[in-house]
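Structural features, examined
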Amino acid sequence: MAGTESRSSTFSSSSVVADWSLVFWTLCSVILPVLITLWCSFQRSRRQVLIRDIFCKSKHDWHYTDLFGQPSYCCVCAQHILQGAFCNCCGLRVCEGCLKKADQHFLCKEIMMRSDGQAHSSMPHHWIRGNVPLCSYCVICKQQCGTQPKLCDYRCVWCQCTVHDECMLDCLKIEECTFGEFKDLIIPPYYLSTINQLRKDKRTDYEKVVPYCRKHWIPVIVLANTRSGNNMGEILLGEFKILLNPVQVFDLSKTAPAKALQLCTLLPWNAVRVLVCGGDGTVGWVLDAIDEMKIKGQECYIPQVAILPLGTGNDLSNTLGWGAGYAGEVPVEQILRNVMEADGIKLDRWKVQVTNKGYYNLRKPKVFTMNNYFSIGPDALMALNFHAHREKTPSLFSSRIINKAVYFFYGTKDCLVQECKDLNKKVELELDGERIELPNLEGIIVLNIGYWGGGCRLWEGMGDEPYPLARHDDGLLEVVGVHGSFHCAQIQVKLANPVRLGQAHTVRLILKSSKMPMQVDGEPWAQGPCTVTITHKTHALMLYHSGEQTDDDASSVSEQEHVREQTDEDV
């Protein structure tokens with residue numbers, strides 16, 4: 001019995017030990033991963049704080065990426081890296097561990113040369129080693145660079161020329177930089193240092209600064225809206241900073257157009273070109289800032305405006321030959337070439353005054369500036385619904401395709417509901433003071449440009465009827481009517497013609513009763529009884545890109561030439 005009791009007590013004690021051992025290892029298996037995760041999280045957040053601190057204090061425009069888009073090597077330790085930091089201006093690439101050392105030892109692009117009391121008219125190359133662009137060639141031996149799987153070869157951050165390690169000569173290190181293919185667009189650092197010295201001397205005769213002002217110098221200013229359409233603005237900012245002087249490139253979410261355009265006052269008269277990267281709304285914002293320059297008496301510094309379409313509709317861009325939308329299919333270098341080769345034209349801008357009924361002496365009328373079109377009816381209703389939906393959930397509207405799908409949904413809904421029917425009974429229309437008898441309509445659209453509704457040539461319609469020529473610089477507006485959303489869809493696919501109401505220098509529309517949706521250049525609102533008056537305001541200097549014509553453009557041009565010939569024969 002005693003032996004049995006002894007064995008049982010021994011068994012029970014060993015069982016207790018086994019239980020405690022199981023509890024201990026279970027706790028270790030649970031707590032240890034948690035502690036390791038917390039420690040790693042603490043270290044990661046500490047590294048992020050240090051990196052953010054370096055980014056804030058640095059003269060480089062550092063950005064962090066989790067994966068480089070091409071094989072990359074750290075410019076300090078020369079190791080192959082998948083993730084790390086890169087400079088948007090000079091193109092340096094480094095791993096996390098070498099970031100601080102790279103920031104201290106490598107100079108970024110100089111916006112303005114350091115003053116040494118002398119006037120400069122040239123500057124040497126600024127060489128960066130490694131990570132040269134794909135398919136680049138050595139300026140000495142004409143062979144391809146960057147072919148070896150290591151940090152090798154050099155690139156000048158200004159002229160973008162590349163050279164092999166073995167071809168790099170001492171003379172190249174001190175050779176004068178020509179600024180490469182885009183020398184006519186770049187604002188050189190020594191020009192700005194000379195202008196800065198003139199300002200210190202309280203002189204304003206900037207046009208006499210000739211060291212770089214060659215005959216065909218047309219400096220460009222890039223204004224990019226990072227919130228437009230397909231959110232490509234951030235990528236474009238970096239690519240333009242690599243090719244140009246970073247002082248020429250502005251993010252409109254951080255710097256207002258009016259402030260950015262003051263750079264024009266430091267440049268030669270009537271020479272500057274502005275590239276607006278954004279939608280039609282961004283272009284209107286920039287043109288308003290240019291109008292402010294006219295008010296300030298800076299007419300001689302007014303730039304010509306080109307467009308890189310990043311918005312949803314992009315009708316103004318389409319009209320001026322810059323395309324219906326940009327998604328990265330054209331290299332940035334080609335975009336700059338197009339800006340250099342573009343021709344200057346004028347664009348009519350119109351004043352839209354909305355005076356509420358019964359409040360002539362109590363409320364100021366609302367005043368808008370119109371570049372594209374004004375409308376009342378189903379397309380304004382679609383824009384109003386789209387705008388309200390985007391205000392509630394802006395994160396959903398980051399793609400041009402999604403935006404157009406939402407427009408399509410509200411257009412289909414209006415086909416069934418017909419909220420704008422009997423518009424002809426609610427409004428009166430006057431063209432140049434003459435009353436127009438309206439047929440049964442749901443919408444009226446006043447056009448200044450050729451395109452409407454995301455790529456439709458509304459005034460031309462099917463193109464099977466003679467019609468007066470429409471231009472965006474003749475001081476005339478084209479006024480059309482539509483029978484509803486379904487009629488708009490038919491016009492867009494060339495299955496129907498609009499109701500052409502006429503052309504006029506002044507348009508007056510009286511909304512007699514009820515509330516109706518209205519829009520000016522895609523900015524919608526719900527409007528009660530009022531009087532809308534549209535008159536000519538000013539001209540804007542734009543750039544027209546005469547690239548490859550689409551079938552619609554070619555057919556429209558041929559139809560207009562045919563109409564002109566018929567008119568000449570009649571005369």
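Computed from a prediction, not measured in an experiment: that's the story for all the values here. (Residues numbered from 1 in each chain as written. Predicted model: local features only at pLDDT ≥ 70, side-chain atom pairs only at ≥ 80, totals over all residues. Heavy atoms only, no water.)

The next subject is the UniProt feature "transmembrane region" (unreviewed entry) in the protein chain. As recorded in UniProt, the feature "transmembrane region" (unreviewed entry) lies at residues 20-42. Taken as a whole, residues 20-42 contains 100% helix and 0% strand, while its terminal C-alpha atoms sit 32 Å from one another. (UniProt positions renumbered as here; feature names shortened; annotations may be inferred. Helix = DSSP H or I, 4+ residues; strand = E, 2+ residues; numbered from the N terminus.)

This paragraph deals with the side chain of T319. Mapped onto the elements of the fold, T319 is located in helix α8 (residues 315-319). Every residue in contact with T319, bar those within four places of it in the chain, is listed here: I449, G450, Y451, H472 and Y544. (Contact = heavy atoms within 4.5 Å.)

This brings us to a nonpolar patch on the surface. On the surface, W20, V23, L27, V30, I31, L32, V34, L35, I36 and L38 cluster together into a nonpolar patch covering about 980 Å² of accessible area. With respect to the helices and strands, the residue V34 is situated in helix α1 (residues 2-57). With a relative accessible area of 44%, V34 lands in the partly exposed category. (Patch = residues over 30% accessible without salt bridge, like charges linked within 9 Å, V, L, I, M, F, W, Y side chains within 5 Å. Areas by Shrake-Rupley, 256 points an atom, 1.4 Å probe, with all protein chains shown as cover. Salt bridge = Lys/Arg side-chain N within 4 Å of Asp/Glu carboxyl O. Buried < 20%, exposed > 50% of the residue type's maximum accessible area, 1.4 Å probe, protein only.)

Further remarks concern the pattern of salt bridges. For the structure on display, the rule yields 12 salt bridges. Among the salt bridges present, the one from D165 reaches R129, with a minimum N-O distance of 3.0 Å. With D165 in the loop between β8 (162-163) and α3 (170-174) and R129 in strand β6 (residues 127-129), this pair connects stretches of sequence that are 36 residues apart. The exposure class assigned to R129 is partly exposed, which follows from its relative accessible area of 34%. Ionic pairing is found between E181 and R337, a salt bridge with its closest N-O pair at 2.4 Å. A residue pair is termed long-range when its members are at least 10 positions apart, and E181 in the loop between α3 and α4 (189-200) and R337 in helix α9 (residues 332-341) qualify at 156 residues. On the basis of relative accessible area, E181 is assigned to the partly exposed category, the value being 42%. The exposure class of R337 is partly exposed, given its relative accessible area of 25%. Linked by salt bridges that have partners in common, D288, D291, K294, R349 and K537 make up one network.

Right, let's talk about the nonpolar core for a bit. Nonpolar side chains in soluble globular proteins tend to be buried together. In this structure, L223, F240, L244, L261, L275, C277 and M542 are the most contacted members of the largest nonpolar core, which totals 99 residues. Once you skip the residues sitting within four places of it in the chain, F240 turns out to touch V222, V249, L275, C277, V332, I335 and L336. Membership of the second largest hydrophobic core comes to 32 residues, among which are V427, L429, V446 and C530. (Core = buried A, V, L, I, M, F, W, Y, C linked by side-chain atoms within 4.5 Å.)

Ordered in space as β6-β7-β8, the three strands form an open sheet in which the pairing is antiparallel. The outermost strands of the open sheet, each flanked by one partner alone, are β6 and β8. Relative to β8, strand β7 (residues 154-156) is paired through two bridges, and the arrangement is antiparallel. Paired with R155 across the two strands is T162, which belongs to β8. (Pairing = 2+ DSSP bridges.)

How two helices sit against one another is set out by the angle between their axes and by the gap between those axes. Close contact between helix α5 (residues 233-243) and α9 brings their axes to 10 Å; oriented N to C, the two are set at 70 degrees. When the axes of α5 and α9 are compared, the pair comes out roughly perpendicular. Judged by the sense of rotation from one axis to the other, the crossing of α5 with α9 is right-handed. In contact with L236, E239, F240 and L243 of α5, α9 contributes V332, E333, I335 and L336. Partitioning the contact of α5 with α9 into residue classes produces six nonpolar, no polar and two charged. (Axes fitted to C-alpha atoms, helices over the stretch in contact; angles between N-to-C directions. Parallel < 35°, antiparallel > 145°, perpendicular 65-115°, else oblique. Left-handed = near helix turned anticlockwise from the far one by under 90°. Nonpolar A, V, L, I, M, F, W, Y, C, P; charged D, E, K, R; others polar.)

This part takes up α5. When α5 is considered as a whole, its buried residues turn out to be G233, L236, L237, G238, F240, K241 and L243. Those residues of α5 hidden inside the fold are in contact with β9 (220-224), β10 (249-251), β11 (273-278), β12 (304-309) and α9.

An order of β20-β19-β18-β15-β22-β23 is seen for the six strands of this open sheet, with the pairing classed as antiparallel. In this open sheet, the two strands that pair with only one neighbour each are β20 (499-504) and β23 (523-527). Neighbour-to-neighbour, the strand axes of this sheet turn through a mean angle of 15 degrees, independent of strand direction.

Bringing the environment of K259 into the picture now. Relative to the elements of secondary structure, K259 occurs in helix α6 (residues 257-260). In the structure, K259 is positioned 30 residues away from A289 in sequence and 8.7 Å away in space, judged by C-alpha atoms.

Here the focus is the environment of M516. Mapping M516 onto the fold places it in strand β22 (residues 516-520). Along the primary structure M516 and P529 are separated by 13 residues, whereas in three dimensions their C-alpha atoms are 8.5 Å apart. In this view, M516 contacts I376, C420, L423, K426, L511, W525, A526 and Q527; residues no more than four positions away in its chain are not counted.

Quick look at the packing of aromatic side chains now. Inspection of the entire model under this criterion finds six aromatic pairs. Consider the rings of F68 and F86, whose centres lie 6.4 Å apart with planes at 70 degrees: the pair is edge-to-face. One end of the pair, F68, is in the loop between β1 (62-65) and β2 (72-73); the other, F86, is in strand β4 (residues 84-87), with 18 residues separating them in the sequence. Judged by relative accessible area, which is 24%, F86 ranks as partly exposed. Ring geometry for F368 and W525: centres 4.8 Å apart, planes at 20 degrees, overall stacked. With F368 in strand β14 (residues 366-370) and W525 in strand β23, the pair connects residues that are 157 residues apart, well separated along the chain. Within the aromatic cluster, the residues linked to one another by ring pairs are W158, F179 and Y190. (Phe/Tyr/Trp six-rings, centres within 6.5 Å; stacked < 30°, edge-to-face > 60°.)

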